[in-house]
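Read off the chains here:
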Amino acid sequence: MSIPDERLAQLGARFAELEARLASGTLEGEAFVAASRDYAELEPVARVAEEVRTMRGELAELEALNDSDPEMKALAEEEVARLRSALPEAEHRLAVAMLPRDSADSRPAMLEIRAGTGGDEAALFAADLYRMYERYAAERGWRVEMISANASDIGGFKEVVAHIAGTGVFAKLKFESGVHRVQRVPVTESGGRIHTSAATVAVLPEAEEVDVQIEDKDLKIDIYRASGAGGQHVNTTDSAVRITHLPTGLVVIQQDERSQHKNRAKAMQVLRTRLFDLKRAEAHGAEAEARKAMVGSGDRSERIRTYNFPQGRVTDHRIGLTLHKLPEVLEGHGLGELIDALIAEDEAKRLAAMGE
């Protein structure tokens, strides 16, 4: 997809206008925030657009050059060949940069992992996945805060919810939603047989208060005494909070903090994010068929990946990619290769849909 020069000029003018407005010192409050957000979104596009414009201009000048000096002519031909080779790649990067972006891509995310089929082994696998994302986040300089966890008796997680803050968290993690399957010999298996277990991952863009309006009359809030695994009391005060959103039936339970106030705030944060996810799903309903052609539908019942321990491999079923580096993936630093491949595949399919 070749972007016309006129369009590139418009991008450059828009970017220059934003730069001038921000540098003027006349913007305040929400106007400054809005302009800063527009600038941050447009800057990577404008930079690549300027690179493409420059390369096209240099190529046109060199091709029109009629120099009788053999040495200068050879140098010009060499530069023309370099530009002709480099320009398509730059134009492709520009086309990718100009793809419509999910408005939630820049947001922090809520990560929810739940053990599925497989009992204790599934809970242990859920804990492995949580550590994998925790390490991946650490490598990227993101901050991970565990919101709640329901631990199993042998050290796994029946359910764990965490908040991940940083630049572009949702954009990187949104394709992780789905069923993750593990094939290995469980620590609880004495016969050495390979079992298949599963855990479900959900990655939701964090909602702000302006995204979802929650009225007090729509909430049923129960306060009770928190308890841990096996029934032992975590504390002796009524600090655990259960919030039921009556219109949707969504229930959020938070008991990890000793303060009722903190538990309620975290529960509301999770509820707001889940309601925002429902709202986004409804808005995307009309695009459901088109989304099926992309990397993932976002359906969290979809089996997306298998972690096979005997063969040391990880297979992402959506793009048919297998990496024989299971330990590296679970350590977090190998996960980026899978995530980047998923993002690249999604971009390629969206470009194709736009007629590139």
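Thresholds applied
- Residues numbered from 1 in each chain as written.
- Predicted model: local features only at pLDDT ≥ 70, side-chain atom pairs only at ≥ 80, totals over all residues.
- Heavy atoms only, no water.
- pLDDT = per-residue confidence, 0-100.
- Contact = heavy atoms within 4.5 Å.
- Pairing = 2+ DSSP bridges.
- Helix = DSSP H or I, 4+ residues; strand = E, 2+ residues; numbered from the N terminus.
- Axes fitted to C-alpha atoms, helices over the stretch in contact; angles between N-to-C directions.
- Parallel < 35°, antiparallel > 145°, perpendicular 65-115°, else oblique.
- Left-handed = near helix turned anticlockwise from the far one by under 90°.
- Nonpolar A, V, L, I, M, F, W, Y, C, P; charged D, E, K, R; others polar.
- Salt bridge = Lys/Arg side-chain N within 4 Å of Asp/Glu carboxyl O.
- Expected span 1.5 Å × (residues − 1).
- Bend = angle between axes of the 7 residues up to and from the residue.
- Buried < 20%, exposed > 50% of the residue type's maximum accessible area, 1.4 Å probe, protein only.
- Phe/Tyr/Trp six-rings, centres within 6.5 Å; stacked < 30°, edge-to-face > 60°.
- Lys NZ or Arg CZ within 6 Å of the ring centre and 35° of its normal.

Now for the confidence of the model for the protein chain. Of all residues in the protein chain, 90% have pLDDT values of 70 or greater, and the mean over the chain is 85. Counting contacts from residues 286-295, a segment whose pLDDT is below 50, to residues more than four positions away or on other chains yields 14 contacts.

In this section: the sheet that holds strand β7 (residues 240-245). Pairing within the open sheet is antiparallel, and its three strands lie in the order β6-β7-β8. In the strand order of this sheet, the two ends are held by β6 (219-224) and β8 (250-254), each with one partner. Averaged over all neighbouring strand pairs, the angle between strand axes comes to 15°, with direction disregarded. Pairing between β7 and β8: five bridges, direction antiparallel. When the sheet's bridge partners are listed, I243 is paired in β8 with V252.

The next subject is the packing of helix α1 (residues 5-24) against helix α2 (residues 29-64). At a minimum axis separation of 8 Å, α1 and α2 run at an interaxial angle of 140°. If you check the angle between α1 and α2, you find them oblique. Judged by the twist between their axes, the crossing of α1 over α2 is left-handed. In terms of residue class, the contact of α1 with α2 is made up of 14 nonpolar, one polar and eight charged.

Turning next to the pattern of salt bridges. Counting across every chain of the model gives 29 salt bridges. E63 is paired through a salt bridge with R84; the nearest N and O atoms lie 2.6 Å apart. Here E63 is found in helix α2, whereas its partner R84 is found in helix α3 (residues 70-97), with 21 residues between them in sequence. With a closest N to O distance of 2.9 Å, R274 and E112 form a salt bridge. Taken together, the residues R274 in helix α6 (residues 260-283) and E112 in strand β1 (residues 109-115) connect sequence positions 162 residues apart. Through salt bridges with shared partners, a single ionic network connects E112, R114, E159 and R274.

This next bit is on α3. An α-helix turns once every 3.6 residues. As a result, residues three or four positions apart point the same way. When the terminal C-alpha atoms of α3 are compared, their 40 Å separation across 28 residues agrees well with the 40 Å that a helix rising 1.5 Å per residue should span. The sharpest bend along α3 measures roughly 30° and falls at A86, with the proline P88 sitting one to four residues further on. Looking at α3, one finds that the buried residues are A76, V80, L83, L87, A90, E91, L94, A95, V96 and A97. If you follow the buried residues of α3, they end up packed against α1, α2 and α9 (335-353).

Here we come to the pairing of strand β3 (residues 157-165). Of all nine residues making up β3, seven are buried, and the element is well covered by its neighbours. The pairing of β1 with β3 spans six bridges and is antiparallel. Paired with E112 across the bridge in β3 is V161. Taken together, the eight bridges between strand β2 (residues 143-151) and β3 define a ladder with antiparallel strand orientation. Looking at the pairing, A149 lines up with V160 of β3. Adjacent in sequence and paired antiparallel, β2 and β3 are bridged by five residues, among which G155 carries a positive phi angle near 100°.

In this section: the packing of aromatic side chains. For any two aromatic rings, the description comes down to two numbers: the centre-to-centre distance and the angle of the planes. Inspection of every chain in the model, using the stated rule, returns four aromatic pairs. Aromatic pair F15 and Y39: ring centres 4.9 Å apart, planes at 20°, arrangement stacked. Linking F15 in helix α1 with Y39 in helix α2, this pair joins segments that are 24 residues apart in sequence. No difference in accessibility class separates F15 from Y39, as the two residues are buried. Ring centres 5.7 Å apart and planes at 80° place the aromatic pair Y136 and W142 in the edge-to-face group. W142 shares its class with Y136; the two are buried. R184 extends its terminal NZ or CZ atom over the ring of F309, reaching a point 4.8 Å from the ring centre.

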